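Structural features, examined
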Amino acid sequence: MKNIPSIQQSSSQPQKLAALRQAHQDWNNTPDVLTRLTRRLSTTLSLEQQLAILAEELVAIVPFTALNYRHRIGKQDFVYASGMGGPHRCEYRLGLEGVNYGTLVLQRRQRFSEQELEGVEMMLSAAICPIRNACQYVAIEQASLTDALTGIPNKRALDDALQRSSLLSERHGEPYSLVLCDLDHFKTVNDTHGHVVGDHLLQIAATEIEKSIRTSDSVYRFGGEEFAILLPHTSEQDARDVAERVREAIAAIRVDGGEKELKVTTSCGVATFLSKESPQAWLARADEALYRAKHQGRNCTRVFATIS
């Protein structure tokens, strides 16, 4: 165990602490716009909140009528828009150390002067590091909710989505449906052709499912070879139609398996959200419908019938 030498109290410590206290007060109360901007941006890692802070501080220096920001983070577009546009605009590609962190556009009716553009650039130079940190935080959050193999949302993301959808369905009285799809005899694929081929097949299946649903729908990798599809504003019959469309798309997949072409089928279970039902119960009913499909011949769709 190391001996930690005792810290001798210096006679100058009280003066240093007093100076630190004064510096902290100055930092909190400074009228300097750049210090205030960076201080406010440092209080949050929410990219949306940071852009709102930037807009508030910037408009006090350089008036504008609209601020728009766009950035592609992972597989998603992040868009922030504030105010109404105008015929004159200035556009900035935000970058730091060779990495792009989005594009910011200001608009208004009057042309921006050179002095105003210089002011905008000074404000952005103070904001870029916090914006970078917020973008990286968004990327980390996305990674924690994304399946690494297929690139689609994972079970954790599904759990969050089921919770939100349950609340929305209760609040607005709109039907929400859930489809679970399980690739039939997938273990045989891995045992016969290896996990590399199996992984490739899962990636293709995820892509085909995404092609078979609406942009408002969402697909998740629920388990090893199991996928979940969340369908907002979708009745039981419409959800069954989606499940059948997905089932046919999966059955049409062909993969080079060496000596012969590899194909696969899927079984689907459908359940529509019931009022006062928990997300877990909703998921369990879809899983029960899937169980019936698997044990009634596979390559078919079964619905957990609701009693009206």
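Residues numbered from 1 in each chain as written. Predicted model: local features only at pLDDT ≥ 70, side-chain atom pairs only at ≥ 80, totals over all residues. Heavy atoms only, no water.

**Thoughts on the packing of helix α3 (residues 47–59) against helix α4 (residues 114–144)**
Contact geometry for α3 and α4: axes closest at 9 Å, N-to-C directions at 170°. With respect to their mutual orientation, α3 and α4 come out roughly antiparallel. Across from L47, Q50, L54, E57 and L58 in α3, the residues of α4 making contact are V120, M123, L124, A127, P130, I131, A134, C135 and V138. Here the residues of the contact of α3 with α4 are counted per class, giving 12 nonpolar, one polar and one charged. (Axes fitted to C-alpha atoms, helices over the stretch in contact; angles between N-to-C directions. Helix = DSSP H or I, 4+ residues; strand = E, 2+ residues; numbered from the N terminus. Parallel < 35°, antiparallel > 145°, perpendicular 65-115°, else oblique. Contact = heavy atoms within 4.5 Å. Nonpolar A, V, L, I, M, F, W, Y, C, P; charged D, E, K, R; others polar.)

**Description of the layout of surface pockets**
Unfilled space is identified by rolling a water-sized probe across the atoms. Within this model, the largest pocket holds a volume of roughly 660 Å³. In terms of lining residues, the largest pocket is bounded by 27 residues, among which Q76, Q142, L145, T146 and P153 are the most central. For the lining of the largest pocket, the secondary-structure elements that each account for two or more residues are α4, α5 (155–172) and β6 (218–221). With six residues, α4 is the single largest residue contributor to the lining of the largest pocket. Considered class by class, the residues forming the lining of the largest pocket number 11 nonpolar, eight polar and eight charged. In this structure, the second largest pocket encloses a volume near 160 Å³. Around the second largest pocket, the lining residues are D184, H185, T188, V189, T192, H193, L262, K263, V264 and T265. Of all the elements, helix α6 (residues 186–193) adds the most residues to the lining of the second largest pocket, at four residues. Grouping the constituent residues of the lining of the second largest pocket by class yields three nonpolar, five polar and two charged. (1 Å grid on protein atoms, 1.4 Å probe; cavity = no way out; pocket = protein on both sides within 12 Å on 5 of 7 lines; lining within 4 Å. Points joined across faces, edges and corners; volume = space filled by probe spheres on them.)

**A look at the pattern of salt bridges**
For the structure shown, the criterion picks out 17 salt bridges. For D159, the salt bridge identified is with K155, shortest N-O distance 3.2 Å. Of this pair, D159 and K155 both sit in helix α5, separated by four residues, roughly a single helical turn. (Salt bridge = Lys/Arg side-chain N within 4 Å of Asp/Glu carboxyl O.)

**Points about the sheet that holds strand β4 (residues 99–108)**
Strand pairing within a sheet occurs via backbone hydrogen bonds; the two strands may be parallel or antiparallel. As summarised here, the arrangement of the four strands in space is β2-β1-β4-β3, forming an open sheet in which the pairing is antiparallel. The sheet terminates laterally at β2 (76–83) and β3 (88–96), the two strands that pair on one side only. Strand-to-strand twist in this sheet, taken as the mean axis angle between neighbours without regard to direction, amounts to 15°. Note: β3 against β4, eight bridges, orientation antiparallel. When the bridges of β4 are listed, C90 appears paired with L106. On top of the sheet, α3 reaches β1 (66–73), β2 and β4; it is set at about 30° to β2, its chief contact. Most of the contacts of α4 go to β3, to which it runs at about 50°, and overall it touches β1, β2, β3 and β4. (Pairing = 2+ DSSP bridges.)

**Some words on the packing of aromatic side chains**
Remark: the centre distance and the inter-plane angle together describe each pair of aromatic rings, the angle taken between the planes. A complete count under the given rule lists two aromatic pairs for this structure. A ring pair is formed by Y69 and F78, whose centres lie 6.1 Å apart and whose planes are at 70°; its orientation type is edge-to-face. Aromatic side chains F273 and W282 sit 5.2 Å apart centroid to centroid with 65° between the ring planes, which places their arrangement in the edge-to-face category. Here F273 and W282 have matching classes, each one buried. The ring centre of F112 lies 4.2 Å from the NZ or CZ of R108, which sits over that ring. (Phe/Tyr/Trp six-rings, centres within 6.5 Å; stacked < 30°, edge-to-face > 60°. Buried < 20%, exposed > 50% of the residue type's maximum accessible area, 1.4 Å probe, protein only. Lys NZ or Arg CZ within 6 Å of the ring centre and 35° of its normal.)

**Some details on the side chain of K294**
Residue placement: K294 occurs in helix α9 (residues 279–294). A distance of 3.0 Å separates the side chain of K294 from the side chain of D184, its partner in a polar contact. Leaving out residues up to four positions away in the same chain, K294 has contacts with D182, L183, D184 and S267. (Polar contact = N/O pair within 3.5 Å; in protein donor to acceptor, adjacent residues only side chain to side chain.)

Spatial relationships are all this shows, so hold off on functional conclusions.
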